[in-house]
Amino acid sequence: MPKFGSTILSFIPSWTPEGGKYAIEKCAEYGFDMLEIILPATLDFEAKTVKKQLDNVGLECRCTLNLPMECHLPVYPEKALSLIKQALDKVAEMQGDFLGGVLHSAIGTFTGQPCSDTEYKVINHVFAELAVYAAERNITIAPEPINRYESYVFTSVDEVLSMIDSVGFLNLGLHLDTFHMNIEESDFYTPVVKAGKKLKHLHITESDRGMLGEGNVHWDDLFRALAAINYQGPLVLENFSSEIKELVGPTSLWRPSKYNSEDLAKGSLAFMKNKVAEFYNN
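On a predicted model such as this, the values are computed, not experimentally measured, just so you know.

Trainee: Got a minute to help me understand the packing of aromatic side chains in this structure?
Mentor: For any pair of aromatic rings, the description consists of the separation of the ring centres together with the inter-plane angle of the planes. On inspection of all chains with the given rule, the structure shows six aromatic pairs. Here tyrosine 120 and phenylalanine 154 contribute two aromatic rings whose centre-to-centre distance is 6.3 Å and whose plane-to-plane angle is 15 degrees, an arrangement assigned as stacked. Of this pair, tyrosine 120 sits in helix 4 (residues 117–135) while phenylalanine 154 sits in the loop between strand 5 (140–143) and helix 5 (157–167), and the two are 34 residues apart along the sequence. Here tyrosine 120 falls in the partly exposed class, since its relative accessible area comes to 23%. Plain terms: the ring middles of tryptophan 219 and phenylalanine 223 are 6.4 Å apart, the flat faces sit at 45 degrees to each other, and that makes the pair tilted. Taken as a pair, tryptophan 219 and phenylalanine 223 lie in helix 8 (residues 219–228) at a separation of four residues, close to a single helical turn. Here the aromatic cluster, defined as three or more aromatic residues joined through ring pairs, consists of Trp219, Phe223 and Phe271. Sitting over the face of the ring of tyrosine 76, lysine 79 holds its NZ or CZ atom 5.1 Å from the ring centroid. Over the face of the ring belonging to tyrosine 189 we find arginine 224, whose NZ or CZ atom lies 4.3 Å from the ring centre.

Structure follows, in structure tokens:
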């Protein structure tokens, strides 16, 4: 069965040592199996200390990274390569085996044109080098396609799968997010089945980032697809509450959320568990 996780954003707006400790404790208290830590772009992150904190409450962990503007991969490939390698070192210190996130571009950085063939060649070259570096540390890398309003590089399942096929390393995978899929994919079943075993990580979030089941995501189609490929990776909650004030601007929560962060996390966790029970047991 898949594991149930949450990103740190259910508890805190960004990683700090104090906030991280709080997120770890709350994640365990709410009944999740794992915590996704979105690494700070500064990589000011005490991996060994955090690993002990996670072990103390019995939580598993995965790390993700979102590239900052100054490391936008198509324009600054060497800077992006260096930062992602440093992030992979942090994952190795955590005794982890996965790095996901928006590793292909800086969120909100655009040229006004589609991603060019020249840019894709640069991206493929960087991911080939990263795949070798990660394989030496037994780590899988899985970039996350995001919607057209946040990136022009990887916005769909097909684009990431094309890169994986071109580069040809087995430790490259796909990190999907239902919020972005709701904008960019034609349905929720076909892309998941097409990804198959290359799907390594999944953000579970509603179309309005609110309570699961109260928006436009076609959850039955998604979970039917996950069961069809026997997906055993984590299902990671990534929805936001305006109760965490620092998230309002970065996540465009212009209207007050219907739920506080605790009710949102607990209710969404129950929803995920019910869907897994419904579709994986058939």
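The structure having been displayed, the exposition proceeds.
Trainee: Sorry, what's going on with helix 5 here?
Mentor: Along an α-helix, residues three or four positions apart point the same way, because every turn accommodates 3.6 residues. When we look at burial in helix 5, the residues that qualify are Val157, Val160, Leu161, Met163, Ile164 and Val167. When helix 5 is viewed along its axis, its buried side chains cluster within an angular range of 155 degrees and face the same direction. For helix 5, the exposed residues lying more than 90 degrees away from the buried face are Asp165 and Ser166. Downstream of helix 5 by a residue or two, glycine 168 has a phi angle that is positive, lying close to 85 degrees.

Trainee: I keep staring at the nonpolar core and nothing clicks. Help me out?
Mentor: Among soluble globular proteins, nonpolar side chains are generally buried collectively. Counting 87 residues, the largest nonpolar core has Leu99, Phe127, Leu226 and Leu235 as the members making the most contacts within it. For leucine 235, the residues in contact, after removing those within four places along its chain, are Pro2, Lys3, Phe4, Gly5, Leu202, Ile204, Phe223, Leu226, Met272 and Val276.

Trainee: Please explain the environment of glutamine 95 as it appears in this structure.
Mentor: Along the chain, the position of glutamine 95 falls in the loop between helix 3 (77–93) and strand 4 (98–101). Once the C-alpha coordinates of glutamine 95 and asparagine 138 are considered, the two residues, 43 residues apart in sequence, prove to be 9.6 Å apart.

Trainee: Explanation requested: the pattern of salt bridges in the structure shown.
Mentor: A side chain of one charge can pair with a side chain of the opposite charge when the charged atoms of the two come close. Scanning the entire structure with this criterion turns up 16 salt bridges. A salt bridge links aspartate 89 to arginine 137, with the nearest nitrogen and oxygen atoms 3.3 Å apart. Residue aspartate 89 is found in helix 3, and its partner arginine 137 is found in the loop between helix 4 and strand 5; the two are separated by 48 residues along the sequence. By relative accessible area, aspartate 89 is classed as partly exposed at 28%. We note a salt bridge from arginine 209 to glutamate 238, for which the minimum N-O separation is 3.4 Å. Note that arginine 209 is positioned in the loop between strand 7 (199–204) and helix 8 and glutamate 238 in the loop between strand 8 (235–237) and helix 9 (261–280), a separation of 29 residues in sequence. Comparing arginine 209 with glutamate 238, the two get one shared label, buried. Through salt bridges that share partners, Asp89, Glu136 and Arg137 make up one connected network.

What counts as what
Residues numbered from 1 in each chain as written. Predicted model: local features only at pLDDT ≥ 70, side-chain atom pairs only at ≥ 80, totals over all residues. Heavy atoms only, no water. Phe/Tyr/Trp six-rings, centres within 6.5 Å; stacked < 30°, edge-to-face > 60°. Helix = DSSP H or I, 4+ residues; strand = E, 2+ residues; numbered from the N terminus. Buried < 20%, exposed > 50% of the residue type's maximum accessible area, 1.4 Å probe, protein only. Lys NZ or Arg CZ within 6 Å of the ring centre and 35° of its normal. Arc of directions from axis to C-beta. Core = buried A, V, L, I, M, F, W, Y, C linked by side-chain atoms within 4.5 Å. Contact = heavy atoms within 4.5 Å. Salt bridge = Lys/Arg side-chain N within 4 Å of Asp/Glu carboxyl O.

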